[in-house]
Amino acid sequence: MKKRKKLPLKMRTIIKSLKKIKKESILPVSILVAGEEDVGKNSLIDRLAIGSNEVFSTVELSDKNILPDFASRLRKANLILVVVDVTGKISKRIKNLLTYLEESKLPFLLVINKIDLPKNLEAQLEPASNYLGKFVSKLVLISVKKDININNELIPAIIDRSGEKKLSLAVSLPVFKLPIIEEIIKSTAAQNAAIAGIPIYPGANMPILTTNQIKMILKIAVVYDKEIDVSRAKEVIMVVGGGFTFRAIARGLVSFLPVIGLVTKAAIAYCGTVAIGKTANKYFEKGISDLSVDETWDMAAEAARKLKVVN
Ligand SMILES: Nc1nc2c(ncn2[C@@H]2O[C@H](COP(=O)(O)OP(=O)(O)OP(=O)(O)O)[C@@H](O)[C@H]2O)c(=O)[nH]1
Ligand SMILES: [Mg+2]
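If you're wondering where the values come from, they're calculated on a predicted model, not measured in any experiment.

What counts and what doesn't
- Residues numbered from 1 in each chain as written.
- Chains lettered and ligands numbered in written order.
- Predicted model: local features only at pLDDT ≥ 70, side-chain atom pairs only at ≥ 80, totals over all residues.
- Near = placed C-beta within 6 Å.
- Helix = DSSP H or I, 4+ residues; strand = E, 2+ residues; numbered from the N terminus.
- Nonpolar A, V, L, I, M, F, W, Y, C, P; charged D, E, K, R; others polar.
- Buried ≥ 20, exposed ≤ 12 C-beta atoms within 10 Å, placed from the backbone.
- Pairing = 2+ DSSP bridges.
- Axes fitted to C-alpha atoms, helices over the stretch in contact; angles between N-to-C directions.
- Contact = placed C-beta atoms within 7 Å.
- Core = buried A, V, L, I, M, F, W, Y, C linked by C-beta atoms within 7 Å.

*Asks:* How should I be thinking about the site of ligand 1 in this particular structure?
*Replies:* Looking at ligand 1, there are 16 residues lining it, with G40, K41, N42, S43 and K145 nearest. Counting residues per element, the shell around ligand 1 draws most heavily on helix α2 (residues 41-49), which supplies three residues. Of the residues in the shell around ligand 1, the class split is three nonpolar, six polar and seven charged.

Below you can see the structure in the form of structure tokens.
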């Protein structure tokens, strides 16, 4: 392992942030899966929770189990997934439930499952299209059986609605881990871009991490190890951030020039943050302790291109 320059660590920031982040990572999170018989509630939970879980529970709507019976459970949930079978009609029972959720302003998604079954999905949905139109922003079409739209639509939609429970979702459920880390990296990068936060001191060869970047590294660290203590967290920050010296960033920027053309401060802040986030993830995922900064800059450029921050 190469020698790293010592980081001017913001110890107070690390101690305070780590405490807060660890607290956030153990917040209880509950997702209620509601639907009629045989629509795929348990198959969906098995797909999202793999193995045991304390996050999901189900409500089966039937003549014997009507809204007043489970309204308090709806109110307590952090998110409700209303699951229907695309091959069936949307029943009065489901419509009542959706009306209730809307009126009570409870967070929910309308998940239409088994889209692998109809030969012509559009034709199948046509009779209900007016009604479904009201829920466009909350509608997700999936097939649990054929694994359609789970990773690319349902999981991001759940993450979007998980608010302050994001970290505990990432800690509790393996399938949410990487997408949530990506989300943390993107939102930190966007924040840093907005404040164009990476200070560059020409000539200085010292690691430069913003407070936001330190918090991002800590969040990623906690997702991988929720028991992590301050001294280990400090070590992680030193290894991950240690390579991001002025010289390395300048080198990285040279490789960026053809990509971004005009290098704006915001683009530098964005890409630099993505590079640091990806480095942190790689460190935990692969246990790599000697990280090539150039490699992560390449990943950052790729990410930035995908997000159309640069072209
Ligand atoms: N074709 C198809 N079948 C599915 C899909 N998802 C679930 N199924 C099937 O639908 C049936 C019911 O699935 P479950 O997950 O048990 O549904 P549930 O809502 O928990 O059912 P109950 O608890 O019995 O009311 C099973 O035979 C599943 O294999 C899907 O996306 N496509
Ligand atoms: Mg079931």
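*Asks:* Honestly, unusual backbone geometry in this entry has me stumped. Any pointers?
*Replies:* The general pattern is negative phi for most residues beyond glycine and trans for most peptide bonds. Despite not being glycine, D38 shows a phi value in the positive range, around 70°. With respect to the helices and strands, D38 occurs in the loop between β1 (31-35) and α2. Note on D38: 11 C-beta atoms within 10 Å, which makes it exposed. Even without a glycine there, the phi angle at N149 is positive, about 65°. Inspection of the secondary structure puts N149 in the loop between β5 (139-141) and α7 (150-160).

*Asks:* Would you mind showing me how to read the sheet that holds β1 here?
*Replies:* In sheet architecture, strand pairing relies on hydrogen bonds along the backbone and comes in two forms, parallel and antiparallel. Spatial ordering of the open sheet is given by β2-β1-β3-β4-β5, a layout of five strands whose pairing is parallel. A strand with exactly one partner marks an edge of an open sheet, and here the two such strands are β2 (56-60) and β5. In this sheet, adjacent strand axes meet at a mean angle of 25° when their direction is disregarded. As defined by bridge partners, β1 adjoins strand β3 (residues 79-85) across five bridges and the pair is classed as parallel. If you follow I31 over to β3, its bridge partner there is L79. Each of β1, β3 and β4 (108-113) is contacted by helix α4 (residues 92-103), which is oriented at about 155° to β3, the strand it contacts most.

*Asks:* Please explain the nonpolar core as it appears in this structure.
*Replies:* Across soluble globular proteins, you tend to see nonpolar side chains buried next to one another. Counting 76 residues, the largest nonpolar core has V33, I80, L81, V82, V111 and I217 as the members making the most contacts within it. Broken down by element, this core gets its largest block of residues, 10 residues, from helix α13 (residues 265-286).

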